Amino acid sequence: MYIGLQHAHSGMAYLALLGLVVVIFWALFGSLSGREFQEKDRKIAMIAFILSHIQLLLGLILYFVSPLGFSLLTGGGAMADAASRLTALEHPLINIVAIAIISVGYIRAKKLEQSRSKFRSIYMMYAVGLLLILSRIPWSAWLG
Ligand code: HEM
């Protein structure tokens, strides 16, 4: 269960990050071109929204089965070194905040009236979320 989840969370990370980057550029170019925000644009923004939520769900389950998650936090010593602090506290916490910001960007875009404001809500909030996620990825464990 642990290894399977770890692989799923590790692999889905590529899709979630790629989805966010593509949607940010899509919305940015949509805004710069001055064109109308269409249903197709909402669906494209929804792809990254869903991918990041799948990643959140996998992360939440993983947190309670991984030796680097909740058990490390409650077992003591997690605050002592930077790598433990990252997986047991900073990575989960910051990513939950990041995905909440991405969700606000998507939901707000649906409510706004003007096309440019809709595009802006998506590319700005998604970009803030992406930067937060990138700031707290355990890079050496993932790619090292
Ligand atoms: C978009 C959001 C997220 C992304 C892109 C992401 C990405 C990653 C990556 C790339 C790793 C390293 C995987 C590896 O070592 O192969 C990782 C590890 C981990 N993530 Fe996430 N994550 C996200 C959200 C979350 C959330 C919300 C939680 C918990 C609530 C979480 C819990 C964990 C844990 C516990 C590990 C260490 C797993 C282990 O190696 O045992 N992640 N994450």
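Residues numbered from 1 in each chain as written. Predicted model: local features only at pLDDT ≥ 70, side-chain atom pairs only at ≥ 80, totals over all residues. Heavy atoms only, no water.

Novice: Looking at this model, I keep getting lost on the packing of aromatic side chains. Mind explaining?
Specialist: Describing an aromatic ring pair means giving the distance of the ring centres and the angle of the ring planes. Tallying each qualifying case throughout the model produces eight aromatic pairs. Judged by centre distance (5.8 Å) and plane angle (45 degrees), the ring pair of Trp139 and Trp142 falls under tilted. Taken as a pair, Trp139 and Trp142 lie in helix α6 (residues 139-143) at a separation of three residues, close to a single helical turn. Ring pairing ties together the aromatic residues Tyr14, Trp139 and Trp142, which thus form one cluster. (Phe/Tyr/Trp six-rings, centres within 6.5 Å; stacked < 30°, edge-to-face > 60°. Helix = DSSP H or I, 4+ residues; strand = E, 2+ residues; numbered from the N terminus.)

Novice: Is there a simple way to explain the coordination of the iron atom of the ligand in this structure?
Specialist: By definition of the ideal shapes, a tetrahedral metal site with four donors has angles of 109.5 degrees and an octahedral site with six donors has angles of 90 or 180 degrees. Donor atoms from the polypeptide that coordinate the iron atom of the ligand comprise His9 (NE2) and His91 (NE2), at 2.0 Å from the metal. The coordination sphere of the iron atom of the ligand comprises six donor atoms, whose angles at the metal cover 87 to 179 degrees; the geometry is octahedral. Of the two residues, His9 sits in helix α1 (residues 2-33) while His91 sits in helix α4 (residues 82-111), which places them 82 residues apart along the sequence. Like His9, the residue His91 is buried in the burial classification. (Donors = N, O, S within 2.8 Å, 3.2 Å for Na, K, Ca; no water. Tetrahedral: all angles 85-135°; square planar, octahedral: opposite > 155°, others 65-115°. Buried < 20%, exposed > 50% of the residue type's maximum accessible area, 1.4 Å probe, protein only.)

Novice: It is not clear to me how the site of the ligand should be interpreted in this structure. Could you clarify?
Specialist: Taken together, 22 residues are adjacent to the ligand, and Tyr2, Gln6, His9, Ser66 and His91 come closest. Interatomic distance of 2.5 Å between a side-chain N/O atom of Ser66 and an oxygen atom of the ligand. Backbone polar atom of Ala141 to an oxygen atom of the ligand: 3.4 Å apart, as the coordinates give it. At the level of secondary structure, the elements contributing two or more residues to the shell around the ligand comprise α1, α2 (39-65), α4 and α6. Among the elements that make up the shell around the ligand, the one with the highest residue count is α2 (six residues). Partitioned by chemical class, the residues of the shell around the ligand number 14 nonpolar, eight polar and no charged. (Near = heavy atom within 4 Å. Polar contact = N/O pair within 3.5 Å; in protein donor to acceptor, adjacent residues only side chain to side chain. Nonpolar A, V, L, I, M, F, W, Y, C, P; charged D, E, K, R; others polar.)

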